[in-house]
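What the coordinates show
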Amino acid sequence: MYLKILSSIKSIFIVLLILPLFFSCNDNDKVQEEIAKVNVDVNISRFDKEFSSANPEDLPKLRSKYPYLFPAPDSVWVKKMQDTIQIELSSEVEKTFANFDDINLELEMFFKHMKYYFPKFKEPQVITVTNDVDHQNRIILADSLLFISLDNYLGAEHKFYRSIQKYIATGMDKKFITSDVANVYFNTMVSSVKNRSFLAQIVYYGKALYLKDKLMPNASDAQKIGYTPAQMDWANANEEPIWRNFIENELLYSTDNRLALRFLDPAPFSKFGLELDNESPGRIGRYVGWQIVRAFMDNNNVSIHQLLSLSGEEIFKKSNYKPRR
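What counts, and where the lines are drawn
Residues numbered from 1 in each chain as written. Predicted model: local features only at pLDDT ≥ 70, side-chain atom pairs only at ≥ 80, totals over all residues. Heavy atoms only, no water. Helix = DSSP H or I, 4+ residues; strand = E, 2+ residues; numbered from the N terminus. Buried < 20%, exposed > 50% of the residue type's maximum accessible area, 1.4 Å probe, protein only. Pairing = 2+ DSSP bridges. Axes fitted to C-alpha atoms, helices over the stretch in contact; angles between N-to-C directions. Expected span 1.5 Å × (residues − 1). Core = buried A, V, L, I, M, F, W, Y, C linked by side-chain atoms within 4.5 Å. 1 Å grid on protein atoms, 1.4 Å probe; cavity = no way out; pocket = protein on both sides within 12 Å on 5 of 7 lines; lining within 4 Å. Points joined across faces, edges and corners; volume = space filled by probe spheres on them. Nonpolar A, V, L, I, M, F, W, Y, C, P; charged D, E, K, R; others polar. Parallel < 35°, antiparallel > 145°, perpendicular 65-115°, else oblique. Contact = heavy atoms within 4.5 Å. Salt bridge = Lys/Arg side-chain N within 4 Å of Asp/Glu carboxyl O.

What follows deals with unusual backbone geometry. The phi torsion at Glu-250 lies on the positive side, around 50°, for a residue other than glycine. With respect to the element layout, Glu-250 can be found in the loop between helix 12 (239-248) and helix 13 (258-263). Residue Glu-250 is classed as exposed on the basis of its relative accessible area of 66%.

What follows is the structure in structure tokens.
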């Protein structure tokens, strides 16, 4: 009799554990169904292809179609058309992006999610260009125009990137295009953090990454943060000792500017001053901020709009964050 009662209690306990997951999955499915019905107009102009196949006589037509891309006189563009390096660059871009359907679909789904969560969002005119591998300006949003410099997404091992540090080249792959677009839009929605504390800064980046959870649900966590799968695995496996290091060294409320260089800015690795440094990926503070924001959203009933306006301090205190061991 006792064993039957115990078995019944165990069964009820299991059901109680599963029910929230069941309802959560159903809610997520309903949201995705609603998002799929959102109408967006994805308008992509392949200026890079048009320019690479043009000759000097075509310049007036191109200038008329893309006036904002032609501040320089025609002689500059004629020289560029005939430059052997530019010709090779265009050829390599064409090899990687001969078919743009996958990127088109990614951007369409991203715009659908943007419009669902931010109804006032207006999808931009997307224009693909090349910019001499200026990786710091690979995505530019200018009012209603979104420029994507495709020569920055040819793959981490591409020959054009041999002189670029590996930790930067890692993100120069087409699988990161939509993630980089999301970064640009986040910057337009949330002003840079004014509180100089390390906590405020990591939560700021955590908001950006959580926004990608919502806007890019089919992307991997590695794609969202710009890590390799191995780097993502390392961060997940070491979340608890990372957090313990931050706490033991009283970093959360520190305003030391060097913390950004150590844990937030792009870098080959994060700088704990320990043997594990070389194993760690850079920007690990952003990863921790992401987990704090995720915990906060799991434990509080707030909208995306509300999340973006809350302070890092409030988010942290209400998150009940506990790192995975």
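Now that the structure has been shown, we can carry on.
Right, let's get into the sheet that holds strand 4 (residues 145-149). Two pairing modes exist for strands in a sheet, parallel and antiparallel, and in both the strands are linked by backbone hydrogen bonds. With mixed pairing, the four strands of this open sheet are ordered in space as 1-2-4-3. This sheet does not close on itself; its edge strands, each paired only once, are strand 1 (43-45) and strand 3 (139-142). Each adjacent strand pair in this sheet contributes to an overall mean axis angle of 20°, direction not counted. Inspection of the sheet shows strand 2 (residues 125-129) paired to strand 4 by five bridges, in the parallel sense.

Let us look at the pairing of strand 4. When you tally the buried positions in strand 4, you get five out of five residues, the bulk of the element. Alternating positions in strand 4 separate into two faces, Leu-145, Phe-147 and Ser-149 on one and Leu-146 and Ile-148 on the other, with burial throughout. Count of turn residues in the strand 3/strand 4 antiparallel hairpin: two residues, of which Asp-143 carries a positive phi of about 60°.

Under the 1.5 Å per step criterion, the end-to-end length of helix 9 (residues 198-215) is 26 Å for 18 residues, consistent within 8% with the ideal 26 Å. Within helix 9, 16 of the 18 residues are buried, which leaves it mostly tucked inside the rest of the structure.

Attention shifts here to the nonpolar core. The biggest cluster of nonpolar side chains holds 80 residues, and the ones touching the most others in it are Phe-246 and Ile-284. Here this core gets ten residues from one element, more than from any other, and that element is helix 9. By size, the runner-up hydrophobic cluster in this structure holds 14 residues, among which are Phe-47, Phe-51, Ala-54 and Val-129.

Further remarks concern the layout of surface pockets. Its volume calculated, the largest pocket comes out at about 980 Å³. Residue assignment for the lining of the largest pocket shows that the elements contributing at least two residues are helix 7 (166-169), helix 8 (177-189), helix 9 and helix 10 (221-225). Top element by residues in the lining of the largest pocket is helix 8. It accounts for six residues. For the lining of the largest pocket, the per-class residue count stands at 15 nonpolar, twelve polar and six charged.

Summarising the element assignment, Ala-237 is placed in helix 11 (residues 229-237). For the pair formed by Ala-237 and Arg-324, sequence separation is 87 residues and the distance between their alpha carbons is 7.9 Å.

It is worth spelling out the packing of helix 12 against helix 14 (residues 284-299) at this point. Remark: helix 12 packs on helix 14, axes separated minimally by 11 Å, with the N-to-C direction vectors making an angle of 100°. Relative to helix 14, the element helix 12 is oriented roughly perpendicular. Contacts from Glu-239, Ile-242, Trp-243 and Phe-246 of helix 12 reach helix 14 at Ile-284, Gly-285, Tyr-287, Val-288, Gln-291 and Ile-292. Of the residues assigned to the contact of helix 12 with helix 14, the class counts are seven nonpolar, two polar and one charged.

Here we come to the pattern of salt bridges. Tallied over the full model, the rule gives 18 salt bridges. Here Glu-50 makes a salt bridge to Lys-65, at a shortest N to O gap of 3.2 Å. With Glu-50 in helix 2 (residues 47-52) and Lys-65 in helix 3 (residues 59-65), this pair connects stretches of sequence that are 15 residues apart. The class for Lys-65 is partly exposed, based on a relative accessible area of 46%. With its nearest N and O atoms 2.9 Å apart, the salt bridge here joins Glu-314 to Lys-318.

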